[in-house]
Amino acid sequence: MNAVVATSVFAVFMVAAVALGLLALRGRGKGGGLAEWSVGGRSLGPVFIWVLMAGEGYTSFSYLGAAGWGYNYGAPVLYVVAYMSCGYAIGYVVGPMLWGYARRHGLVGITDMVAHRFGRPWLGAVVAVLATVFLLPYIQLQITGMGVVLSVISYGAVSLNWAYFVAFAVTTGFVVVSGLRGSAWVSVLKDILVIATLGFLAIYVPLHYFDGYGPFLDRLVTEKSDWLTLPGHGGGGSAGSGLGELWFISTTFLNSLTVVIFPTTVAGYLGARNADALRRNAMYLPAYNVLLFVPMLLGLAALFVVPGLAGAESNLALFKLVVDSLPAWAVGVIGVAAGLSSIVPMAVFMLVIGTMWGRSVLSLVPRLAERQKSAAQVVVVVAGGLALLLTYTAPNTLVRLSLISYEGMAQLLPMVLLALVWRRLTFRGAFSGLIVGVAVVCVLVFSGNDPLGGVNAGLVALAANLAVALAVTFAGPRDADPRPDAEVLAHDPVGEEGDPLAVTRAARAASDHRV
């Protein structure tokens, strides 16, 4: 009976979420072209951009992986709060720049930007392939997360294998039809549920299991002190976790830079109505990170309530507490919040992959050039299917998958970001650096040398990437590109027509003149 109640609540909310996504398309004909589907017609206001970008930061990793790492290691998981907060600060500058560059030239993603910057359409296709390789683990992460949630809230009635398939099918169907605008609308429902459920659990769990925060924290300090400092539990010695101060600093630094050019983050940037919406979001989004402390804390609480979870089972730490102590309907509601925390970011990841391939790869085929949106939708299904296959054949813990994605995507930083602000960087330099960076990160990760001497392997690879890019740029000839800087480089559109800051400045100038 518990399984029936919980899964029924889950199913009702999932149907409501899909309906909400379809409602978002009302009044937009057949959904418009690729720009409408992939970046919401560049018309999303501050509220929708806020919930959409918050949705990308608050995924199934936050419900499951953060609790799992809190359970396994403790303090090292705080890197998530650190890098996201730093990333929002960097995004205050980078977001409007990328928005203005894409709007000026009619671009819809990072592959477009790279192809336009270096004047080579095929280069966009190469970047699309590489980005897809490093995004698939993140889609796999969301499929795994939603599958775990569905299996647990059904009290084991739904097997993990079937739960993974349901996660894939629901999200794929949703994103193919609704696009970015539908994801933004569903993010509103998701955020309401996330805030409500985590706020409730933050109060309920310490009171129910420990008679309050005081006894809980006293017991944590007394019995589990290893979890409260870096490098966390199991971090000491030659066979330790390697998650010490150097790893924390290097990972925070690398991820805070990488998140601003992550294809899904850029999709959020490009969906904005104006650059000012991005500036406001960069100021307000760090407040959302406060919620991340809750699953981390609950992971530590689970050490006393459900001890002995090992490996990927640690991802169940939070939901073990939920299923153990709450009625079935409440389990279902919390499951919905966690499920939507998988669907929204997974939908955006799949949409971005489809857009990159539809715009930069398949458009190179003459017969497909005029059907970019339909080609992109087919790619969404294929990408989701590949991620589902990886989920069955190569499972991994949720945080590990997240780190691999970021370390690989970081190698695009010189080509995507540095190239847009520094004209001297040549194609040969950027491309050579990219090849070296990707090779180094793959060797280090798959040989088990991540971190390397305590330093995040992605940062080591990025250093090699930059060194090669600069060496080849200064040693080789300049690119023969006749276009002016204004056509090639990006800049913050402050003061340009249509920017609210320009209107404010004009009003102040008029007022000062009158005085």
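Residues numbered from 1 in each chain as written. Predicted model: local features only at pLDDT ≥ 70, side-chain atom pairs only at ≥ 80, totals over all residues. Heavy atoms only, no water.

Attention now goes to the overall build of the protein chain. For the protein chain, the helix and strand inventory stands at 22 helices and 0 strands. A burial count over the protein chain gives 57% of its 515 residues as buried. (Helix = DSSP H or I, 4+ residues; strand = E, 2+ residues; numbered from the N terminus. Buried < 20%, exposed > 50% of the residue type's maximum accessible area, 1.4 Å probe, protein only.)

Moving on, we come to the nonpolar core. Core analysis: the biggest nonpolar cluster contains 143 residues, and Tyr63, Met113, Ile139, Ile143, Phe319 and Leu412 have the highest contact counts within it. Tallying contributions element by element places helix 15 (residues 328–361) first for this core, with 20 residues. Beyond its immediate chain neighbours, meaning those up to four positions away, Leu412 contacts Ile110, Val127, Ala131, Ile261, Leu417 and Leu434. (Core = buried A, V, L, I, M, F, W, Y, C linked by side-chain atoms within 4.5 Å. Contact = heavy atoms within 4.5 Å.)

For the rest of this paragraph, the subject is the environment of Val336. Residue placement: Val336 occurs in helix 15. Residues Val336 and Ile153, 183 residues apart in the sequence, show an inter-C-alpha distance of 9.5 Å. The contacts of Val336, once residues within four sequence positions are left out, are Val9, Phe10, Phe13, Met14 and Leu193.

Our next topic: the packing of aromatic side chains. Considering all chains together, one arrives at 20 aromatic pairs under this definition. Between Trp122 and Phe427, the ring centres sit 5.6 Å apart and the planes meet at 85°, which makes this aromatic pair edge-to-face. Residue Trp122 is found in helix 7 (residues 121–153), and its partner Phe427 is found in helix 19 (residues 427–446); the two are separated by 305 residues along the sequence. By relative accessible area, Phe427 is classed as buried at 12%. Over the ring of Phe118 we find Arg117, and its NZ or CZ is 4.7 Å from the ring centre. (Phe/Tyr/Trp six-rings, centres within 6.5 Å; stacked < 30°, edge-to-face > 60°. Lys NZ or Arg CZ within 6 Å of the ring centre and 35° of its normal.)

The geometry of helix 5 (residues 79–105) relative to helix 10 (residues 245–258) is characterised by a closest axis approach of 8 Å and an angle of 35° between their N-to-C directions. The chirality of how helix 5 crosses helix 10 is right-handed. Of helix 10, the residues touching helix 5 (which contributes Tyr79, Ala82, Tyr83, Cys86, Gly87 and Ile90) are Trp247, Phe248, Thr251, Thr252, Asn255, Ser256 and Leu257. When grouped by side-chain class, the residues that make up the contact of helix 5 with helix 10 number 8 nonpolar, 5 polar and no charged. (Axes fitted to C-alpha atoms, helices over the stretch in contact; angles between N-to-C directions. Left-handed = near helix turned anticlockwise from the far one by under 90°. Nonpolar A, V, L, I, M, F, W, Y, C, P; charged D, E, K, R; others polar.)

Counting through the fold element by element, Val488 comes out in helix 21 (residues 485–488). For Val488, a relative accessible area of 0% puts it in the buried group. Once the C-alpha coordinates of Val488 and Leu420 are considered, the two residues, 68 residues apart in sequence, prove to be 7.1 Å apart. Discounting residues that sit within four places of it in the chain, Val488 has contacts with Tyr101, Arg117, Leu420, Arg423, Asp481 and Arg483.

With 22 residues, helix 1 (residues 2–23) should cover 32 Å at 1.5 Å per step; its first-to-last C-alpha distance of 32 Å lies within 8% of that length. Every buried residue of helix 1 is listed here: Ala3, Ala6, Val9, Phe10, Met14, Ala17 and Gly21. Seen along its axis, helix 1 keeps its buried residues to an arc of 145°; they face one direction. Opposite the packed face of helix 1, turned more than 90 degrees from it, sit the exposed residues Val4, Val12 and Val15. (Expected span 1.5 Å × (residues − 1). Arc of directions from axis to C-beta.)

Moving on to the pattern of salt bridges. Oppositely charged side chains may form a pair once their charged atoms are brought near each other. For the structure on display, the rule yields 6 salt bridges. Measuring nitrogen to oxygen at the nearest pair gives 3.1 Å for the salt bridge that ties Arg280 to Asp276. Linking Arg280 with Asp276, this pair stays in helix 12 (residues 275–284), spanning 4 residues, or about one helical turn. A salt bridge links Asp485 to Arg423, with the nearest nitrogen and oxygen atoms 2.6 Å apart. Of the two residues, Asp485 sits in helix 21 while Arg423 sits in the loop between helix 18 (413–421) and helix 19, which places them 62 residues apart along the sequence. Take Arg423: its relative accessible area is 24%, and that puts it in the partly exposed class. Connected through salt bridges with shared partners, the residues Asp276, Arg279, Arg280 and Asp492 form a single ionic network. (Salt bridge = Lys/Arg side-chain N within 4 Å of Asp/Glu carboxyl O.)

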